[in-house]
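Reading the structure
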Amino acid sequence: MSTPSEAYASAHQRLKAEAEQVQLAARSSVRAVMDPSEAQSNMLKAGSALVQAGRTFYFLATTGPSAADALACTRDFEKAVMVFTSWVKGLLSVSGAAVRKLLGPACARVIVRASDLTLRASTSKVQAADVGQLQSAVEALEKLPYTTEAAASQMLRESEALVKDARREVDEAIDEADSGGGGSDGDDDDDDDNDDDDDGPGLLSRSEVSRPLRQLLTVSTVLISISRGRGLAGCTGASEAAAAADGDRKQLDGDVLAAMLVACAQAIANGVDSTVCAAHDDDLTSLTSYALSLGKVLTKLSSLLGQQCRLSGDAKLQRASDELASCLAAIAAVASASSPSPSSDAPS
């Protein structure tokens with residue numbers, strides 16, 4: 001018979017693999033026939049039972065159990081994990097893509113905490129705090145949104161906040177550059193500050209760069225805000241419209257459309273971060289490259305909002321689209337002007 005440590009280590013490997021299976025299930029588009037409310041309720045109940053099983057496991061693991069007792073308790077703990085996992089997979093199978101995007105990692109985190117508990121027990125390092133982490137991971141599930149609209153709204157709100165933070169950061173840097181506080185706009189810097197610590201200027205002191213950059217970040221915020229409001233509202237009933245759609249343009253299912261809005265918003269937040277970092281690094285080539293790539297995602301989001309969310313006549317969306325075209329043209333002009341031109345000294 002294996003020792004307690006060997007039983008715990010073996011359980012750790014099995015639970016680690018189970019966490020990976022949950023992540024895979026979250027990315028699956030296979031839909032099952034099950035009542036989502038029932039699956040959610042049973043998953044949360046199974047999570048509470050898992051925490052209780054974790055407490056029992058911890059108590060026994062810290063009291064020097066016999067091999068037989070350790071094996072039996074470990075099996076009970078694993079069984080609690082498997083029951084929880086079965087309801088997780090069931091709920092994922094009846095949830096939309098936006099819900100799965102939030103729920104999958106959160107549920108996998110619960111199983112990882114359970115796996116960590118067995119791993120630490122195998123090295124006699126398990127502590128009460130480890131059970132506390134498992135309990136916290138389970139309790140976090142109660143706060144998650146379980147409808148497509150609520151889940152998408154939460155992720156869109158997070159992306160919008162990131163873009164707004166970046167916009168404020170750029171505004172402050174540009175204001176500092178305009179007031180001459182940056183120290184790298186060509187003036188002699190006679191202060192005792194380390195120039196590497198100056199956040200300002202360089203590129204951001206040049207209006208042909210700062211103006212379209214500000215405009216680009218503003219458009220990013222506006223489009224994500226529209227997505228979170230009227231965009232998501234346009235997803236409601238999109239499934240019926242998709243079923244009735246006939247003609248050249250395919251109408252997306254509401255769950256799929258909401259997931260695409262979220263994916264665009266998250267890509268925009270990442271693109272904004274890269275663009276702003278390049279601006280602070282005074283790297284014009286990278287800045288224009290990132291900005292133009294960001295523009296492609298913004299154009300895609302604008303198209304989704306107009307065509308799929310049925311907002312083509314929305315004045316705010318139209319203004320944002322016009323401003324996007326304007327700032328991208330300005331950025332492209334800066335990129336073109338900064339590109340090395342072919343030598344005019346070539347022999348004729």
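Below: a short report on this structure. (Residues numbered from 1 in each chain as written. Predicted model: local features only at pLDDT ≥ 70, side-chain atom pairs only at ≥ 80, totals over all residues. Heavy atoms only, no water.)

What follows concerns unusual backbone geometry. Among all residues except glycine, the phi angle is most often negative; among peptide bonds, the trans geometry is most common. The phi angle at Ser124 is positive, at roughly 60 degrees, despite the residue not being glycine. Structurally, Ser124 can be placed in the loop between helix H4 (97–122) and helix H5 (128–141). Ser124 sits in the exposed class, given a relative accessible area of 65%. At Arg310, a position not held by glycine, the phi torsion is positive, near 60 degrees. Within the secondary structure, Arg310 is located in the loop between helix H10 (284–308) and helix H11 (315–338). Taking the relative accessible area as the measure of exposure, Arg310 reaches 43% and is therefore partly exposed. (Helix = DSSP H or I, 4+ residues; strand = E, 2+ residues; numbered from the N terminus. Buried < 20%, exposed > 50% of the residue type's maximum accessible area, 1.4 Å probe, protein only.)

Okay, the side chain of Ser159 next. Assignment of secondary structure puts Ser159 in helix H6 (residues 148–178). With a relative accessible area of 4%, Ser159 lands in the buried category. Apart from residues lying up to four places away in sequence, Ser159 is in contact with Ile224, Ala265, Gln266 and Ala269. (Contact = heavy atoms within 4.5 Å.)

Attention now moves to the pattern of salt bridges. A full pass over the atoms with the stated rule returns twelve salt bridges. Note that Arg120 is salt-bridged to Asp130, the shortest N-O span being 2.8 Å. Taken together, the residues Arg120 in helix H4 and Asp130 in helix H5 connect sequence positions ten residues apart. Taking relative accessible area as the criterion, Asp130 reaches 11% and is therefore assigned buried. When the shortest N-O distance is used, the salt bridge between Arg214 and Asp175 registers 3.1 Å. Of this pair, Arg214 sits in helix H7 (residues 207–235) while Asp175 sits in helix H6, placing them 39 residues apart in sequence. (Salt bridge = Lys/Arg side-chain N within 4 Å of Asp/Glu carboxyl O.)

Before going further, it helps to examine empty space enclosed by the protein. Within this structure, the stated rule accounts for one cavity of 30 Å³ or more. Its boundaries defined by the atoms lining it, the largest cavity holds a volume of some 40 Å³. Along its surface, the largest cavity is lined by Glu208, Val209, Pro212, Leu213, Leu287, Thr288, Ile331 and Val334. Among the elements of the structure, H7, H10 and H11 are those that each provide at least two residues to the lining of the largest cavity. With four residues, H7 is the largest single contributor of residues to the lining of the largest cavity. Its residues assigned to classes, the lining of the largest cavity shows six nonpolar, one polar and one charged. (1 Å grid on protein atoms, 1.4 Å probe; cavity = no way out; pocket = protein on both sides within 12 Å on 5 of 7 lines; lining within 4 Å. Points joined across faces, edges and corners; volume = space filled by probe spheres on them. Nonpolar A, V, L, I, M, F, W, Y, C, P; charged D, E, K, R; others polar.)

In this section: H5. For H5, with 14 residues, the first-to-last C-alpha span of 21 Å sits near the 20 Å given by 1.5 Å per residue. Within H5, burial applies to Asp130, Val131, Leu134, Ala137, Val138 and Leu141. The buried residues of H5 occupy one face: seen down the axis, they fall within an arc of 120 degrees. Elements in contact with the buried residues of H5: helix H2 (36–61), helix H3 (67–93) and H4. (Expected span 1.5 Å × (residues − 1). Arc of directions from axis to C-beta.)

Tallying each qualifying case throughout the model produces two aromatic pairs. Measuring from ring centre to ring centre gives 5.2 Å for Tyr8 and Phe57, while their planes differ by 75 degrees; the resulting arrangement is edge-to-face. Taken together, the residues span a long stretch of sequence, with Tyr8 in helix H1 (residues 4–26) and Phe57 in helix H2 at a distance of 49 residues. Judged by relative accessible area, Tyr8 falls into the buried class, the value being 3%. (Phe/Tyr/Trp six-rings, centres within 6.5 Å; stacked < 30°, edge-to-face > 60°.)

Let us look at the layout of surface pockets. Its boundaries defined by the atoms lining it, the largest pocket holds a volume of some 180 Å³. Lining the largest pocket are 13 residues, with Pro36, Val94, Tyr146, Thr147 and Thr148 positioned closest to its centre. Top element by residues in the lining of the largest pocket is H2. It accounts for three residues. In terms of residue class, the lining of the largest pocket is made up of five nonpolar, six polar and two charged.

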